[in-house]
Amino acid sequence: MMALMNDVRHTNKECVVLLHGLGRSARSMWRLARFFRVRGYAVLCKTYPSRRHTIESLAEQVFSEIFRDERIKQCEKVHFVTHSLGGVLLRRWFQVKGRSERIGRVVMLGVPNQGSEVTDFFRHWPLYQWLTGPAGCQLGTGEGDVPKMLKTINLEIGVIAGTRSADPWFNFLFDGEHDGKVSVSSARLAEMADFITLDVGHTLMMWDKEVIQQAGHFIQKGHFLLVE
């Protein structure tokens, strides 16, 4: 199902596609949608069944629908802001399909680009399997897990990692800084154009004012604002 946060004006030449994380919906990205819409971008939020299918199946479903959409076809540039699993789906799609000239910049928020230690520990627990589905169980840090098997992609990517945990029960799983679900080191990508850490947690980072401002700056300029 494709959902727009507001009517798209066809005069807009640039679009920002927002992809939520595991177990969420387009509603979780509404503040980002409002931010970009006010600044003249066409905004497209994609709700997808994140708990029902594998990463491979979800990537094919999500991005095939996006690029078949007539509103996307009318945009000269298509940018992406992704949270968590949404970023892994993007990497999977563009690794398989490659980049076109219409693809602009990408901002990744709390994406487990090198996998999640939480998945490593809990993936064999029936409750975890039920809560996260097939895709959630593919997000480990092992060489056979999807994040580690994905190769570099030719996109201009900015990565924002959180350093505040609202999930203290997971702290023992991490050696360094983390956002409660994803470590700072795991969020990094070899091909990223810029990287920053902010004092935000994983679950609600896409609602944070500074995260939103930084995402907007990267989409517009190709780099993040300096953090004091």
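Residues numbered from 1 in each chain as written. Predicted model: local features only at pLDDT ≥ 70, side-chain atom pairs only at ≥ 80, totals over all residues. Heavy atoms only, no water.

> How should I be thinking about the packing of helix α2 (residues 55-68) against helix α4 (residues 85-97) in this particular structure?
The packing of two helices is summarised by the inter-axis angle and the distance between the axes. Their axes nearest at 9 Å, the elements α2 and α4 cross at an angle of 80°. The pairing of α2 with α4 is recorded here as roughly perpendicular in orientation. Counting all contacts with α2, which are made through I55, E56, L58, A59, E60, V62, F63, S64 and F67, the residues of α4 involved are L85, V88, L89, L90, R92, W93, F94 and K97. Here the contact of α2 with α4 is built from residues that sort into 12 nonpolar, 1 polar and 4 charged. (Axes fitted to C-alpha atoms, helices over the stretch in contact; angles between N-to-C directions. Helix = DSSP H or I, 4+ residues; strand = E, 2+ residues; numbered from the N terminus. Parallel < 35°, antiparallel > 145°, perpendicular 65-115°, else oblique. Contact = heavy atoms within 4.5 Å. Nonpolar A, V, L, I, M, F, W, Y, C, P; charged D, E, K, R; others polar.)

> Looking at this structure, how should I read the packing of aromatic side chains?
To describe a pair of aromatic rings, you give the distance between the ring centres and the angle between the ring planes. A full pass over the atoms with the stated rule returns 12 aromatic pairs. Taken together, a centroid distance of 6.5 Å and an interplanar angle of 85° make the contact between F67 and F94 edge-to-face. Note that F67 is positioned in helix α2 and F94 in helix α4, a separation of 27 residues in sequence. With relative accessibility at 21%, the residue F67 sits in the partly exposed group. Given a relative accessible area of 6%, F94 falls into the buried group. An aromatic cluster is defined as three or more aromatic residues linked by ring pairs; in this entry it consists of F63, F67, F80, W93 and F94. Sitting above the plane of the F35 ring, R39 keeps its charged end 3.7 Å from the centroid. (Phe/Tyr/Trp six-rings, centres within 6.5 Å; stacked < 30°, edge-to-face > 60°. Buried < 20%, exposed > 50% of the residue type's maximum accessible area, 1.4 Å probe, protein only. Lys NZ or Arg CZ within 6 Å of the ring centre and 35° of its normal.)

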